[in-house]
Amino acid sequence: MQIRKCMDYGTNYCPCELAQCNQCIICDELKDMDIKCDCNCKNSKGFCVYTEFLFNNRKAKDDRKVYSCKVYEKKEIEKNLFTLEAILPRELFIQINMPSSFIFIKGAGLNDNFFTPISIYKKNDERNSVTLLIENKGAKTNSIYDSKETCVDIKGPYWNGLHGIDNLKKCKNETSLIIARGVGAAPIISIIKDLSERLNKVICLIDMEGFENNFIEEDLEKINCKAYDVKIICDGKISTAFVDFVKDVVKKEKVSLISILSADFIIKSVIDDLSEFSEINYCCSNNAKMCCGEGVCGSCSVRFKGNRIRKLCKEQMDPKELFVDRRFI
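An account of the accompanying structure is given in this report. Quick caveat: nothing in here was measured; it's all calculated off a predicted structure.

Side note on the overall build of the protein chain
When you go through the protein chain residue by residue, the secondary structure sums to 9 helices and 18 strands. Reported as C-alpha extents along the three principal axes, the dimensions of the protein chain are approximately 55 × 50 × 40 Å. A burial count over the protein chain gives 51% of its 329 residues as buried. Of the contacts made within the protein chain by residues no fewer than 6 positions apart, 68% connect residues no fewer than 24 positions apart.

Set out below in C-alpha cells:
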C-alpha cells in the first residue's frame, strides 16, 4: 500500500471539502472506492479523519479565513519584479511556520478570481509581517502591483509549497545543496534558516538568468551563506557543465539533501542526471497550478499511470516519485 500524505491532515482544516464529497486524500472511508478500510491514518499521526468527520456532523471544517492586511511596503526591484511586505494578524502569522508555507493574495476589493498563490520570502517577527517576492507577469500580479490601496486580501495558511518536506526536516548535521533559478528562489531564506537550526552546512547555486541582478544576494550575505552564480540552462536544456559541477560538489561535500527551487523540467532533469547518487534525498518547489488551494477546482490535479490522480495543492510527494509514471498529456 502506498502511504499518502496530506499537508492539511490533522489541522484545524481537516476534514476538508474533499472529505465531504468522498475524495479525501488520506481516509479510505471517505473515498469513492470499493475497498474499506485499508487505512492510511494508522501510518500517520493517529488522527482519524473519519471520526472527526462524524463528530463534525458529516461536514467539512470551516474554510481558511480571508484577512485584510495592511501593506507596510511595496518596492520595485527591477522591471516586472517587486516585493510586498504585509502585516498579518497574529493568528495567521504564527501558522506560517514552515519553509513550505505560502498564502493566496489579491488586491483589496477584487473578487476571489484574483487570488494567486505566492511563497513566503521573509518573515519579520517584530511586526508580524511577511515579505513576498512577486514576478509581475499576468492579470493577477498586475492588479497587486498597480493597486493604490493600502491593504491587500490574504487567505491562508497553506503549507504545501514544497515537495519532500520530510526529507528537509530529517536533515541534521549534514551538508545540503540548494539549486535555485529566478523567482523560484523565493523560499530560499526560510529553507536555509531551517537547515541551519539543525546544524547543517548549506551550499547555494543560484541562476538569475532573465533578471538584471541577483535580488537575494544581500539577504544571503546577512545570514552568512555563500552562493555561487551558475548557468543551469544552455540551448534549452540542462547544461552539461552545470551537471558536472553539481556532481563534483556532491562528491566533495558529501551532500545528503538537494533542494531544487525551479521549474519542473529542471527538477526532473537534475534528479535524473544524479540518479547514480541513490542515497541523496530531495526537496523541490511545488509548481502545481492552483486556483482554490483546496483540491476542489481541479487545476492542481495531476494524473499518473493507472489513472491515479494526485491533488498537488494538498498532497505531499517525494520528489523522486513526483515524475514517475506521470502523464503530461
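Notes on the pattern of salt bridges
One pass over the structure, following the stated rule, counts 25 salt bridges. The partner of Glu91 in a salt bridge is Lys65, and the shortest N-O contact between them spans 3.7 Å. Of this pair, Glu91 sits in helix α3 (residues 90–93) while Lys65 is found in strand β2 (residues 65–78), placing the two residues 26 residues apart along the sequence. According to the relative accessible area criterion, Glu91 is partly exposed, its value standing at 38%. Assessed through its relative accessible area of 47%, Lys65 is described here as partly exposed.

Some details on the pairing of strand β15 (residues 281–285)
Within β15, 4 of the 5 residues are buried, which leaves the element mostly enclosed by the surrounding structure. Direction of pairing for strand β8 (residues 162–163) relative to β15: antiparallel, over a ladder of 2 bridges. Note that in β15 the partner of Leu162 across the bridge is Ser285. You can see the chain leave strand β14 (residues 255–261), run along helix α9 (residues 264–273) and come back into β15, and the turn it takes is right-handed.

Concerning the side chain of Asn128
As for its placement among the helices and strands, Asn128 is situated in the loop between β5 (116–124) and β6 (129–135). For Asn128, a relative accessible area of 18% translates into the label buried. A distance of 2.7 Å separates the side chain of Asn128 from the side chain of Arg90, its partner in a polar contact. Look past the residues within four positions of Asn128 in its chain and what remains in contact with it is Ala86, Ile87, Leu88, Arg90 and Phe93.

Topic: the sheet that holds β5
As summarised here, the arrangement of the 6 strands in space is β2-β3-β6-β5-β4-β7, forming a closed barrel in which the pairing is antiparallel. Averaged over neighbouring strand pairs, the angle between their axes works out to 45° when direction is ignored. Helix α4 (residues 139–146) contacts β2, β3 (81–87), β4 (102–107), β5 and β6 of the sheet and is inclined by roughly 65° relative to β3.

Observations concerning helix α8 (residues 240–253)
For α8, which comprises 14 residues, the first-to-last C-alpha distance of 20 Å matches the rise-based estimate of 20 Å (1.5 Å per residue) to within 8%. Where α8 is concerned, the buried positions are Phe242, Val243, Val246, Val249 and Val250. For α8, the angular spread of buried residues about the axis comes to 125°, placing them on one side. The exposed set on the far side of α8, more than 90 degrees from its buried face, consists of Thr240, Ala241, Lys251 and Lys252. Elements that come into contact with the buried residues of α8 comprise β9 (175–181), β10 (201–207), β13 (237–238), β14 and α9. Structurally, the start of α8 carries an N-cap: the backbone nitrogen of Ala241 is 3.2 Å from a side-chain oxygen of Ser239.

Reading guide: rules and limits
- Residues numbered from 1 in each chain as written.
- Predicted model: local features only at pLDDT ≥ 70, side-chain atom pairs only at ≥ 80, totals over all residues.
- Heavy atoms only, no water.
- Helix = DSSP H or I, 4+ residues; strand = E, 2+ residues; numbered from the N terminus.
- Buried < 20%, exposed > 50% of the residue type's maximum accessible area, 1.4 Å probe, protein only.
- Contact = heavy atoms within 4.5 Å.
- Salt bridge = Lys/Arg side-chain N within 4 Å of Asp/Glu carboxyl O.
- Pairing = 2+ DSSP bridges.
- Right-handed = clockwise from strand over helix to strand, strands pointing away.
- Polar contact = N/O pair within 3.5 Å; in protein donor to acceptor, adjacent residues only side chain to side chain.
- Axes fitted to C-alpha atoms, helices over the stretch in contact; angles between N-to-C directions.
- Expected span 1.5 Å × (residues − 1).
- Arc of directions from axis to C-beta.

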